[in-house]
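# Report on the structure
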Amino acid sequence: MTPLLDTDTGTLTFSNGLRLEALMAPAALSGRYATLRDREVFLEPCPVTGGTLAPVCLFQEGALVGVTLFASAVGGRERPGADRQRAFLMRRLHLKDPCPDTMGSVCVRCPFGEVLISTDPYTGQSAALISYMPED
């Protein structure tokens, strides 16, 4: 099984065959997006082991610079609680949560950029932001 995130390149590979790669052009998503708004592309929820993730892609100057992943279903539940969302995101990204009790933000630097996991204290929504840094 291919991991969701390649921690060297930042490539995201979903069970349905969708691949999101650092600095790719929006044209590579032709026919796959649900909504296109200026610089943001809202993709349909994608299946991954144990649930579904809804990716939102951010493009700048014609290149993918970030992807935010939202847990839309976890273990068959359409509206999972904050702790389940966060644990699910951590598992899919092969990260260990250093603060599961406080649900504080976690930033991990990678060769391609960084991964930021955060949980909104008011809504309980957890998200993972994968940011790509341009090569020098």
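Below or above, wherever it landed, is the structure these notes cover. What you see is a predicted model; the values in this text were computed from it and never measured.

Below, the discussion takes up unusual backbone geometry. Non-glycine residue Glu 61 carries a positive phi angle of around 50 degrees. Of note, Glu 61 is situated in the loop between strand 6 (51-60) and strand 7 (63-74). Of note in this structure, His 94 is not a glycine but carries a positive phi near 55 degrees. Position of His 94 among the secondary structure elements: in the loop between helix 1 (82-92) and strand 8 (106-110). Taking the relative accessible area as the measure of exposure, His 94 reaches 59% and is therefore exposed.

Time to look at the environment of Leu 53. Relative to the assigned elements, Leu 53 resides in strand 6. For the pair Leu 53 and Ala 73, spaced 20 residues apart in sequence, the C-alpha separation works out to 7.1 Å. Residue contacts for Leu 53: discarding those within four places in its chain leaves Leu 4, Phe 14, Glu 44, Pro 45, Cys 46, Val 48, Leu 69, Phe 70, Ala 71, Ser 72, Phe 88 and Leu 89.

A few words on the state of the cysteines. Taken as a whole and judged by the stated rule, the model has zero disulfides. Lacking any disulfide linkage, Cys 57 is separated from the closest cysteine sulfur, that of Cys 46, by 8.7 Å. Looking at Cys 57, the relative accessible area reads 0%, which means it is buried. Lacking any disulfide linkage, Cys 107 is separated from the closest cysteine sulfur, that of Cys 110, by 8.5 Å. Classification of Cys 107 by relative accessible area gives partly exposed; the value is 43%.

Judged by nonpolar contacts, the single largest core of 33 residues is most densely connected at Leu 12, Phe 14, Leu 20, Leu 29, Leu 53, Cys 57 and Leu 69. Elements with a contribution of two residues or more to this core: strand 4 (40-43), strand 5 (46-48), strand 6, strand 7, helix 1, strand 8, strand 9 (113-119) and strand 10 (126-132). Among the elements that line this core, the one with the most residues is strand 7, at five residues. Filtering out sequence-adjacent residues up to four positions away, Leu 20 remains in contact with Gly 10, Thr 11, Leu 12, Phe 14, Leu 29, Leu 43, Pro 55, Cys 57, Leu 64, Val 67 and Tyr 132.

A word on the side chain of Ser 126. The residue Ser 126 is located in strand 10 in this model. Among the residues examined, Ser 126 registers a relative accessible area of 0% and is labelled buried. Of the polar contacts made by the side chain of Ser 126, one reaches the side chain of Thr 119; its length is 2.8 Å. Among all residues touching Ser 126, those that are not within four sequence positions of it are Leu 69, Phe 70, Ala 71, Ala 82, Gln 85, Arg 86, Leu 89, Ser 118 and Thr 119.

Basis of the calculations
- Residues numbered from 1 in each chain as written.
- Predicted model: local features only at pLDDT ≥ 70, side-chain atom pairs only at ≥ 80, totals over all residues.
- Heavy atoms only, no water.
- Helix = DSSP H or I, 4+ residues; strand = E, 2+ residues; numbered from the N terminus.
- Buried < 20%, exposed > 50% of the residue type's maximum accessible area, 1.4 Å probe, protein only.
- Contact = heavy atoms within 4.5 Å.
- Disulfide = S-S within 2.5 Å.
- Core = buried A, V, L, I, M, F, W, Y, C linked by side-chain atoms within 4.5 Å.
- Polar contact = N/O pair within 3.5 Å; in protein donor to acceptor, adjacent residues only side chain to side chain.

Remember that the coordinates give geometry; whether it matters functionally is a separate question.
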